[in-house]
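Given next are the chains, with one letter for each unit.
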Amino acid sequence: MTKVWQRQGDLAGAAILILFTAVVCSAALFFPKPIWDMIPYVAAIFEYDGTLGHDLHVQTYALVQENVSRVEFLVLTGGGPFRTAQYANPDSFITMLGFYRVNMLYVDFAQFLTNWADPVTALRWASVIPATAIGLLTLLWLGGNRSLALAPLAVIALIVTGYTDIAWLTTPDMFSAFFLVAGILLYVTERNLSAGVALVLGGLARPDHLVLVGVFAAMTVIIRPISYSLIAALVAGIAGFLTLNGMSAHPGWWIHFWFTSIEYVHTLDGFNPPFSVLAYLQALGQAAMRSLVEQKWLAVLLALIFTLALMRRKGIAFTRPEAIAMSAILITIPIKFLVFPLADGRFHFAYLIALALILITAYGRQRRPLSFAVPKITPPVDDPPTVP
């Protein structure tokens, strides 16, 4: 009877996770939320066809207008001085594209999807497809660790880490997150070569994620055993980053930092602010405050750390690959924040959900992680009669 109930618990957990993934991905596809970053990504796709200059600007905004409502287009083109300037001045708009071309693997994937859809729709699919893949990856991870009954916990983790929000966005965050999560979980299962490849691909989709590859490789050296696959992945990632930087005409770290964290300048022509420690510290403090007040990812991170501490206190053991992976995640998050203090939770989603999945399956390894079985009831024993 116990096995029957456990089997039903596994089936119920799998059904909940599949239904959740299907609902989120369907909503993201049919009810998208257009954001301004979609526009330069559309332009980056058009560049593959040789469209340049003012024609690129006209063609990009015309296609966006066809795919959004009138109100949404007004917001995208007039919702603030920066957006107004980008719509009105093609030369200013084109100077921004280096920020977006550098996420080359994401742009390549979206461009590949234009064989079946226009660039705007392709960008939506470029988020929906990896969102679906992350749902299936979660299902396979739980099933492989005999923890499908804990799928509701995984659904909760997906919700609080931002999965439902990121799936709607036309940004490389969900696309890169799939490779990062896959790489982390592959390493935990001791598939180091596949893990290294996946992590490099995640870095080519968003180069700032290469920090994880470096920290991961360092942790294998410190904690052991050394993973030469991850060290090779780090070398490949650095080479790929340098190549992408040159090919995309990326303006460099400090200009990108200034633009995203200090001031939205209307054009990058002639823009080269000197490095300022004070400006850096102010931006860092503002991002930390926004993370605490406006976002929930920091609270989720603290909750996961607290959960990890409780599990260790309860004597729940972790394998060495799990310890290395969790150490890499927990060290990468603050390093990335110091290099690029971005408050939005989408930049931390991959790390948080990977950490949550490791904790869930570690808990599931216990003999009684969550009981769906009929409890064994011991009838009370009557007290023997008292002889007067």
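What counts, and where the lines are drawn
- For every chain, the first residue of the written sequence is number 1, and numbering continues from 1 onward in sequence order.
- Under the rules for a predicted model, residues below a pLDDT of 70 receive no local features and side-chain atom pairs below 80 are neither given nor counted, while totals for whole chains, interfaces and linings still include all residues.
- As a rule here, side-chain values cover all heavy atoms of the structure and leave hydrogens and water aside.
- By definition, any uninterrupted DSSP run of H or I lasting at least four residues is a helix, any uninterrupted run of E lasting at least two residues is a strand, and each is numbered from the N terminus.
- A simple rule labels every residue: compare its accessible area, found with a 1.4 Å probe on the protein chains alone, to the largest value its type can have, and call it buried under 20%, exposed over 50%, or partly exposed in between.
- Contacts are residue-level and defined by heavy atoms, with any inter-residue pair within 4.5 Å sufficient.
- Using a 1.4 Å probe, accessible areas were evaluated by the Shrake-Rupley method; residue-level cover was limited to the displayed protein chains.
- Charge counting treats Lys and Arg as positive and Asp and Glu as negative, with His and both chain ends excluded.
- By convention, the point assigned to a charge is CZ for Arg, NZ for Lys, CD for Glu and CG for Asp.
- Here, patches come from residues exposed beyond 30% relative accessible area and free of salt bridges, joined within 9 Å for like charges and within 5 Å for nonpolar side chains (Val, Leu, Ile, Met, Phe, Trp, Tyr).
- Counted as salt bridges are all cases of a side-chain nitrogen of Lys or Arg within 4 Å of a carboxyl oxygen of Asp or Glu.
- Each nonpolar core is a collection of buried residues, namely Ala, Val, Leu, Ile, Met, Phe, Trp, Tyr and Cys, held together in the definition by side-chain atoms within 4.5 Å.
- In this analysis, the expected span of each helix is defined as 1.5 Å times one less than the number of residues it contains.
- Directions drawn from the helix axis to the C-beta atoms are what define this arc.
- Centre distance within 6.5 Å is the pairing criterion for rings of Phe, Tyr and Trp, where only the six-membered ring of Trp is used; planes under 30 degrees apart are then read as stacked, over 60 as edge-to-face, and the remainder as tilted.
- By definition, being over a ring means that NZ of Lys or CZ of Arg is both within 6 Å of the ring centre and within 35 degrees of the ring normal.
- For helices, the fitted line uses only the C-alpha atoms of the stretch in contact; every axis is such a line through C-alpha atoms, and the angle between N-to-C directions lies from 0 to 180 degrees.
- Relative orientations are named as follows: roughly parallel for angles under 35 degrees, roughly antiparallel for angles over 145 degrees, roughly perpendicular for angles from 65 to 115 degrees, and oblique for any other angle.

Draft legend 1. Representation of the overall build of the chain within the structure. Along the backbone of the chain there are 20 helices and zero strands. Expressed as a percentage of the 388 residues in the chain, the buried residues total 50%. In the chain, of all internal contacts separated by at least 6 residues, the share reaching a separation of at least 24 is 76%. Taken as a whole, the chain presents about 19,000 Å² of accessible surface, with 66% of it coming from carbon and sulfur. Positive and negative side-chain charges in the chain, numbering 23 and 21 respectively, have mean positions lying 16 Å apart.

Draft legend 2. Expanded view of a nonpolar patch on the surface. A surface patch of nonpolar side chains, amounting to about 590 Å² of accessible area, comprises W253, F275, V277, L281, I331, I335 and V339. A total of three residues in the nonpolar patch trace back to one element, the largest contributor, which is helix α19 (residues 320-339). Relative to the helices and strands, W253 is located in helix α16 (residues 253-261). Taking the relative accessible area as the measure of exposure, W253 reaches 35% and is therefore partly exposed.

Draft legend 3. Molecular detail of the nonpolar core. Counting 123 residues, the largest nonpolar core has V64, Y163, I184, F216 and F349 as its most contacted members. Here this core takes 13 residues from helix α20 (residues 349-364), the largest share from any one element.

Draft legend 4. How the structure looks around the side chain of R206. The residue R206 is located in the loop between α13 (192-205) and α14 (210-223) in this model. Not counting residues up to four positions away in its chain, the partners in contact with R206 are N103, P172, D173, S176, R346 and F347.

Draft legend 5. Layout of the side chain of N103. Residue placement: N103 occurs in the loop between α7 (98-101) and α8 (104-113). Taking the relative accessible area as the measure of exposure, N103 reaches 6% and is therefore buried. In contact with N103, other than residues within four places in its own chain, are Y41, P172, L204, A205, R206 and P207.

Draft legend 6. Up close: helix α17 (residues 277-293). Taking 1.5 Å per residue, 17 residues should reach 24 Å; α17 reaches 24 Å between its end C-alpha atoms and fits that length. Looking at α17, one finds that the buried residues are A279, Y280, A283, L284, A287 and S291. The buried side chains of α17 occupy one side of the element, clustering within an arc of 135° when seen end-on. α17 presents L278, M289, L292 and V293 as exposed residues on the side facing more than 90 degrees away from its buried surface. Here the buried face of α17 lies against α16, α18 (297-313) and α19.

Draft legend 7. Spatial organisation of the packing of aromatic side chains. In the structure shown here, the tally under the stated rule is 30 aromatic pairs. On the basis of an interplanar angle of 85° and a centroid distance of 5.2 Å, the ring pair of F175 and F179 is categorised as edge-to-face. Taken together, the residues span about one helical turn, with F175 and F179 both in helix α12 (residues 173-188) at a distance of four residues. F175 sits in the buried class, given a relative accessible area of 7%. One residue, K33, lies across the ring of W168, its end atom 4.5 Å from the ring centre.

Draft legend 8. Representation of unusual backbone geometry within the structure. Residue P225 follows R224 across a cis peptide bond; omega there is 5°. As for its position among the elements, P225 is in the loop between α14 and α15 (228-248). Non-glycine residue R224 carries a positive phi angle of around 70°. Within the fold, R224 resides in the loop between α14 and α15. With a relative accessible area of 46%, R224 lands in the partly exposed category.

Draft legend 9. Local environment of the environment of I35. The topology assignment puts I35 in the loop between α1 (2-30) and α2 (38-47). Residue I35 is classed as partly exposed on the basis of its relative accessible area, which comes to 23%. Put simply, I35 and V75 are 40 residues apart on the chain and 9.1 Å apart in space, counted from C-alpha to C-alpha. Dropping the residues within four chain positions of it, I35 is found in contact with L76, L169, T170 and T171.

Draft legend 10. Quick look at the packing of α12 against α19. Two elements in contact, α12 and α19, have axes whose closest approach is 8 Å; the angle formed by their N-to-C orientations is 150°. By the angle between their axes, α12 is roughly antiparallel relative to α19. Counting all contacts with α12, which are made through I184, Y187 and V188, the residues of α19 involved are P321, E322, I324, A325 and I329.

Draft legend 11. View of the pattern of salt bridges. Under the counting rule described, the total for this entry stands at nine salt bridges. A salt bridge links D173 to R346, with the shortest nitrogen-to-oxygen separation between them at 2.3 Å. A residue pair is termed long-range when its members are at least 10 positions apart, and D173 in helix α12 and R346 in the loop between α19 and α20 qualify at 173 residues. Using a relative accessible area of 16% as the deciding quantity, one classes R346 as buried. The partner of R346 in a salt bridge is D344, and the shortest N-O contact between them spans 3.5 Å. Relative accessible area serves as the criterion here: at 32%, D344 is assigned to the partly exposed category. The network of salt bridges with common partners includes D37, D173, R206, D208, K336, D344 and R346.

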